[in-house]
Amino acid sequence: MKKTQTVISREVKRYMEKTGTTQADIGSLLNVTQTHISRRLTGRTHWSIDDLEALTAAGIVSPLWEGVE
């Protein structure tokens, strides 16, 4: 589980750097505060399934099953 959380955080950070998106922007997408996003990005709290679905729908992360055969 920890590895999955780390991968999600890494991908969100990459997206943010590439696009100039802020933690507050991601928070708005997920209906949480910037502080909540900071905690998720640093591993202090976990990304939820709802978070992952919203991030995937927004094109921020790829589905975890992509490329699995």
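Figured I'd write up the structure that's included with this text.

About the cut-offs
- Residues numbered from 1 in each chain as written.
- Predicted model: local features only at pLDDT ≥ 70, side-chain atom pairs only at ≥ 80, totals over all residues.
- Heavy atoms only, no water.
- Axes fitted to C-alpha atoms, helices over the stretch in contact; angles between N-to-C directions.
- Helix = DSSP H or I, 4+ residues; strand = E, 2+ residues; numbered from the N terminus.
- Parallel < 35°, antiparallel > 145°, perpendicular 65-115°, else oblique.
- Contact = heavy atoms within 4.5 Å.
- Nonpolar A, V, L, I, M, F, W, Y, C, P; charged D, E, K, R; others polar.
- Buried < 20%, exposed > 50% of the residue type's maximum accessible area, 1.4 Å probe, protein only.
- Arc of directions from axis to C-beta.
- Polar contact = N/O pair within 3.5 Å; in protein donor to acceptor, adjacent residues only side chain to side chain.

**Some thoughts on the packing of helix H2 (residues 23-30) against helix H3 (residues 34-41)**
Reasoning step 1: Packing of H2 against H3 brings their axes to within 8 Å, and their N-to-C directions diverge by 105°. With respect to each other, H2 and H3 are oriented roughly perpendicular. Where H2 approaches H3, its residues Gln23, Ala24, Ile26, Gly27 and Leu30 are matched on the opposing element by Gln34, Ile37, Ser38 and Leu41.
Reasoning step 2: The residue inventory of the contact of H2 with H3, partitioned by class, reads 5 nonpolar, 4 polar and no charged.

**A closer look at the environment of Arg39**
Reasoning step 1: Inspection of the secondary structure puts Arg39 in helix H3.
Reasoning step 2: Excluding residues that lie within four positions of it along the chain, Arg39 makes contacts with Arg44 and Thr45.

**Description of helix H4 (residues 49-57)**
Reasoning step 1: Residues of H4 that are buried: Asp51, Leu52 and Leu55. One side of H4 holds all its buried residues, which, seen down the axis, span an arc of 95°. For H4, the exposed residues set more than 90 degrees away from the buried face come down to Ile49, Asp50 and Ala57.
Reasoning step 2: Summarising the contacts, the buried residues of H4 are in contact with helix H1 (2-19), H2 and H3.
Reasoning step 3: The backbone nitrogen of Asp50 lies 3.4 Å from a side-chain oxygen of the residue at the head of H4, namely Ser48.
Reasoning step 4: Where H4 ends, the next residue or the one after it, Gly59, has phi of about 80°, a positive value.

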